[in-house]
Amino acid sequence: MIMHYVGQWVFLKLINAPVISLQWTWYEIQMEYAYWRMYQQLGVVVMGPLSNTILLVFFILICHAANKKISCFPVKLCKFIAWYGVATCLDFFLICVVDMANQNLDGDLFKLYNYYEKTQSSGFIGFFMTFLVQFAMF
């Protein structure tokens, strides 16, 4: 989950969105940041799982290169990469469970809902977009 939040932080830094505060807990990183446009919120929602996917692809490429060049790769690291792949597939679902269990109304599940609730007084489209994007990424 740390990679999930690090990816979001990197995205916010790349688009020059001011990150006001970071609060680390053992299960999540709570970021407070300024947002003005929908693409910022959508980018934050997308970059969480996408950063895990990018790291997984990096791990797979390392494993493939090692097998191709030196014909060996530690079995335990292969198993780690496989389990990291499973966790990457379940990333959004795990984030949803954490947000719902903590009743975190500012979590990833509710970011687009809150944006549309403030701008157009109807958050349903935000939920729809969140699940549509996450399903497409899955």
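Our subject is the structure that appears above.
Here the structure is a predicted model, which is why all the values come from computation and not from measurement.

Chemist: Break down the pairing of strand S1 (residues 19-24) for me, with residues and values.
Modeler: As judged from the 5 bridges shared by S1 and strand S2 (residues 29-33), these two strands associate in the antiparallel manner. Across the sheet, residue Trp24 finds its bridge partner in S2, namely Ile29. Remark: 4 residues form the turn of the hairpin made by S1 and S2, two consecutive strands paired antiparallel.

Chemist: Lay out the packing of helix H2 (residues 38-69) against helix H5 (residues 111-120) in plain terms, naming residues and giving numbers.
Modeler: Relative placement of two packed helices is described by the angle separating their axes and the distance separating the axes. At a closest axis distance of 9 Å, the pairing of H2 and H5 adopts a crossing angle of 165°. Between H2 and H5, the angle falls in the class roughly antiparallel. Judged by the sense of rotation from one axis to the other, the crossing of H2 with H5 is left-handed. Where H2 approaches H5, its residues Met38, Gln41, Leu42, Val44 and Val45 are matched on the opposing element by Lys111, Leu112, Tyr115 and Tyr116.

Chemist: Lay out the nonpolar core in plain terms, naming residues and giving numbers.
Modeler: Among the nonpolar cores identified, the biggest contains 11 residues, and these are Tyr5, Phe11, Leu12, Ala17, Val19, Ile29, Met31, Tyr33, Val44, Met47 and Ile95. The contact partners of Met47, leaving out residues within four places of it in the chain, are His4, Gly7, Gln8 and Phe11. With 6 residues, the next largest nonpolar core counts Cys63, Ala66, Phe73 and Tyr84 among its residues.

Chemist: Give a description of unusual backbone geometry that names residues and reports values.
Modeler: You will see that Ser71, though not glycine, has its phi angle at about 60°, which is positive. Looking at the element boundaries, Ser71 is found in the loop between H2 and helix H3 (75-89). According to the relative accessible area criterion, Ser71 is exposed, its value standing at 61%. Although it is not a glycine, Ser121 sits at a positive phi angle of roughly 55°. By the element assignment, Ser121 lies in the loop between H5 and helix H6 (124-137).

Rules used in this analysis
- Residues numbered from 1 in each chain as written.
- Predicted model: local features only at pLDDT ≥ 70, side-chain atom pairs only at ≥ 80, totals over all residues.
- Heavy atoms only, no water.
- Pairing = 2+ DSSP bridges.
- Helix = DSSP H or I, 4+ residues; strand = E, 2+ residues; numbered from the N terminus.
- Axes fitted to C-alpha atoms, helices over the stretch in contact; angles between N-to-C directions.
- Parallel < 35°, antiparallel > 145°, perpendicular 65-115°, else oblique.
- Left-handed = near helix turned anticlockwise from the far one by under 90°.
- Contact = heavy atoms within 4.5 Å.
- Core = buried A, V, L, I, M, F, W, Y, C linked by side-chain atoms within 4.5 Å.
- Buried < 20%, exposed > 50% of the residue type's maximum accessible area, 1.4 Å probe, protein only.

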